[in-house]
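Examination of the molecular architecture
These are the residues of each chain, in order.
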Amino acid sequence: EMESYVGAIPHFGFILSHLVAVHTDEGIIGYGEAENGLRDDFYKLRENLLGMDVYDVQHIMNRRINGYADTIRNKAPHKSLLFTKDCAAIEFALWDIMGKKAGLPVYKLLGGKVREKNAITLFVGQKAIDHQLADIERAVSEGIKAIKVKVGSNDAHDMDLLKEIRRQFGWELIIRIDPNRAWTVTDGARILRRMADYSIQYIEGALRRIESYGFKRLRELCGIPICICEQFNGPYVMSTEQALVRVQDLIRMEAFDVLSVDPSRTGGLLGFGKICAACEGIGAQV
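**Quick look at the overall build of the chain**
When helices and strands are counted, the chain shows 11 helices and eight strands. Buried residues in the chain amount to 42% of all 286 residues. Counting every atom, the chain has about 15900 Å² of accessible surface; 52% of that belongs to carbon and sulfur.

Right under this line is the structure:
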């Protein structure tokens, strides 16, 4: 079943990326990454940006990059034809330029470093249990201390896998699970109550996006922290304003404990920071 699913749905890992170069009159070139970008779209958009100050990144992202469709008072010559991820690529390039002008890594411009190392999580796909355990063993031997396990196709398989992970690798290993929107609220509550015995850090993307109140109900029923993933919940792309409205709705519903965010799908680093601030205000993790 999972083989047919993976074969039918293109995974983000296989989508081509494009590099976007932004040139300044000082000869500095900044680079950003886009997903679906078309050269003609970027050429039209650049007329909206010519003459702008690279440091005015907030104004550029909120107004100029959106073109005349954003507001009747916005006089940029072209309506934006770009995806949010492509607009974010330009924002990434602007930060790259600012970092190069300052001679600093971009993280220092955004508030500085808060840790020396960042944990890596192993992504464990659905396949035979012995193959999954072999993947985990190799990762653990390389120092990886957290895994995210795809579940949702077969309850018995999933329970047997969790049991073996704890038996072979102990209780210090961090386990996250992700059924890719496979469950209804009732199915999720039924199986997650059993999975709670295996000390799951959180479950990501359990339900479809339209079941927002279902996340609140599942959170109340299952005993495992709930993670709602990008964007928010599925392969959607939003502007920063749309993402913030969605996050505010989820906060009012008390629907999540953890939010998984892709900065390139929420308007770039500035939009990502706004979403983090909203989550910080309620004690939710990002």
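**Some details on the environment of phenylalanine 92**
Note that phenylalanine 92 resides in helix H4 (residues 84-102). Overall, the relative accessible area of 22% leaves phenylalanine 92 in the partly exposed class. C-alpha separation for the pair phenylalanine 92 and leucine 269, spaced 177 residues apart in sequence, amounts to 7.4 Å. The residues touching phenylalanine 92, leaving out its near neighbours within four places in the chain, are Tyr31, Gly32, Glu33, Ser264, Gly268 and Leu269.

**Quick notes on the sheet that holds strand S7 (residues 226-228)**
Across the sheet, which stays open at both edges, the six strands sit in the order S3-S4-S5-S6-S7-S8 with parallel pairing between neighbours. If you trace the sheet from one side to the other, it starts and ends with strand S3 (121-124) and strand S8 (258-259), each paired once. Pairing of strand S4 (residues 146-150) with strand S5 (residues 174-178), which is carried by five bridges, proceeds in the parallel orientation. Directly across from valine 149, in S5, lies its bridge partner isoleucine 177. Here helix H6 (residues 129-141) sits on the sheet and contacts S3 and S4; the angle it forms with S3, its principal contact strand, is near 165°.

What counts and what doesn't
Residues numbered from 1 in each chain as written. Predicted model: local features only at pLDDT ≥ 70, side-chain atom pairs only at ≥ 80, totals over all residues. Heavy atoms only, no water. Helix = DSSP H or I, 4+ residues; strand = E, 2+ residues; numbered from the N terminus. Buried < 20%, exposed > 50% of the residue type's maximum accessible area, 1.4 Å probe, protein only. Areas by Shrake-Rupley, 256 points an atom, 1.4 Å probe, with all protein chains shown as cover. Contact = heavy atoms within 4.5 Å. Pairing = 2+ DSSP bridges. Axes fitted to C-alpha atoms, helices over the stretch in contact; angles between N-to-C directions.

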